[in-house]
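Topology and contacts: notes
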2 protein chains.
Amino acid sequence: MLEVTVSDIGLDRNTNSPVVILRERDGARILPIWIGAAEANAIAMELKGVKAQRPLTHDLLKQVIVGLGGELRRVVISSVKENTYFAELLIRRDDHVFQVDARPSDSIALALRLNAPIFTSDQLLDESGLQTDEPAPDPSLDADKLKEYLEKMDPQDFGKFNP
Amino acid sequence: MLEVTVSDIGLDRNTNSPVVILRERDGARILPIWIGAAEANAIAMELKGVKAQRPLTHDLLKQVIVGLGGELRRVVISSVKENTYFAELLIRRDDHVFQVDARPSDSIALALRLNAPIFTSDQLLDESGLQTDEPAPDPSLDADKLKEYLEKMDPQDFGKFNP
């Protein structure tokens, strides 16, 4: 298992879908994961330190874990099948540790809120990652366009962050 | 406090926004609440009994509560300020009960998954509700249009239910 960090989020100009970029902590590989609008908003708001007027779903998830005495130990981006990524949360309470299946987007939004590390496998980075030391590896990201996209989608709770 | 149930969900033709309708259990008043796309999808999928390929955020929230030994006792739609609704979850674990602020949409999506009752106040129903025994009280709802709207928004995880 290798630790990755959230390196960037934006709207992929080619697919017009939000994408989050994970970056190998001790290496040059990145892993782009295409995600939904609500989860992109949750990740972007946390990265920018912006609070919503009402708790968003991932803020609620955090409060529930904390209120129940749980601790998010780590998030693992575990596999990819037909371009769909799968992940797991590892949660501890007292001496009991349990695992919950999740989407990578939810896992990342929650890991950022609870300062938990994000891991993936060497194999997944090799097969689905990109080398940043080769020319033009990044998907064509646009942070401003993500804000516009999210505001249009849900003016009540989305797109309040400043990219 | 009065119990309400989820009576309908659809796309409001006037505002082009998803709306969920709560109905007084022992009375004739309804409470329409305009909600976001992701939460509308979470509510609609649960109402239709459709499972996503990967757990959606509210499925994850449910698994986390269950895994940590918590019990969702009830949801309360507590207040409305400038057309924005606020809600609270009441969660119990052993002898400890705590309250978490939430959006009504998240609260409803979770209450349906955990078979928890939904309450609101007589005052809120009076001030923001509609009488169903008067002519044409409902917002102009369209269930098919909601499905279309959600599929367009997030083809990967949304709009898989049959309205």
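Reference entry: report on the structure contained in this document. (Residues numbered from 1 in each chain as written. Chains lettered and ligands numbered in written order. Predicted model: local features only at pLDDT ≥ 70, side-chain atom pairs only at ≥ 80, totals over all residues. Heavy atoms only, no water.)

Once chain A has been moved 0.0 Å along the axis and rotated by 180 degrees, it coincides with chain B to within an RMSD of 0.0 Å. Such a combination of rotation and displacement between the chain copies is what one expects of a two-fold axis. Here 100% of the interface residues in chain A have copies in chain B that are interface residues too; the copies meet face to matching face. (Least-squares fit on C-alpha atoms with pLDDT ≥ 70 in both. Contact = heavy atoms within 4.5 Å.)

All names here are of chain B. Contact geometry of helix α1 (residues 37-48) with helix α3 (residues 104-114) gives a least axis separation of 9 Å together with a crossing angle of 20 degrees. By the angle between their directions, the pair α1 and α3 is classed as roughly parallel. For the pair α1 and α3, the sense of crossing is left-handed. On α3, the residues touching Glu39, Ala42, Ile43, Glu46 and Leu47 of α1 are Ser105, Asp106, Ile108, Ala109, Leu112 and Arg113. (Axes fitted to C-alpha atoms, helices over the stretch in contact; angles between N-to-C directions. Helix = DSSP H or I, 4+ residues; strand = E, 2+ residues; numbered from the N terminus. Parallel < 35°, antiparallel > 145°, perpendicular 65-115°, else oblique. Left-handed = near helix turned anticlockwise from the far one by under 90°.)

Attention now goes to the interface of chain A and chain B. Counting from both sides, the interface comprises 39 residues of chain A and, opposite them, 39 residues of chain B. Note on chain A versus chain B: buried area summed over both sides is about 3,200 Å², and carbon and sulfur give 66% of it. Where chain A meets chain B, there are zero salt bridges. At the boundary of chain A and chain B, one finds seven residue pairs in polar contact (both at pLDDT 80 or more). For the side of chain A that touches chain B, the secondary-structure elements that each account for two or more residues are α1 (37-48), α2 (57-67), β5 (84-93), β6 (96-102), α3 (104-114) and α5 (143-153) of chain A. Considered class by class, the residues forming the side of chain A that touches chain B number 20 nonpolar, 11 polar and eight charged. (Buried area = accessible area lost by both parts, 1.4 Å probe. Salt bridge = Lys/Arg side-chain N within 4 Å of Asp/Glu carboxyl O. Polar contact = N/O pair within 3.5 Å; in protein donor to acceptor, adjacent residues only side chain to side chain. Nonpolar A, V, L, I, M, F, W, Y, C, P; charged D, E, K, R; others polar.)

Residues and elements named next belong to chain A. Most of α3 sits out of view: nine of its 11 residues are buried. Residues of α3 that are buried include every one of Pro104, Ser105, Asp106, Ser107, Ile108, Ala109, Leu110, Ala111 and Arg113, and no others. Residue asparagine 115 follows α3 closely and has a positive phi angle near 50 degrees. (Buried < 20%, exposed > 50% of the residue type's maximum accessible area, 1.4 Å probe, protein only.)

The next point concerns the nonpolar core. Counting residues in each nonpolar core, the largest one holds 80 residues, and the members touching the most others are Ile77 and Ile91 of chain A together with Ile77 and Ile91 of chain B. If near-sequence neighbours (up to four positions away) are discounted, isoleucine 91 of chain A is found in contact with Ile65, Glu71, Leu72, His96, Val97, Phe98 and Val100 of chain A together with Val64 and Leu68 of chain B. (Core = buried A, V, L, I, M, F, W, Y, C linked by side-chain atoms within 4.5 Å.)

To describe a pair of aromatic rings, you give the distance between the ring centres and the angle between the ring planes. For the structure shown, the criterion picks out zero aromatic pairs over all chains. Taking the ring centre of phenylalanine 86 of chain B as reference, the NZ or CZ of lysine 81 of chain B above it sits at 5.0 Å. (Phe/Tyr/Trp six-rings, centres within 6.5 Å; stacked < 30°, edge-to-face > 60°. Lys NZ or Arg CZ within 6 Å of the ring centre and 35° of its normal.)

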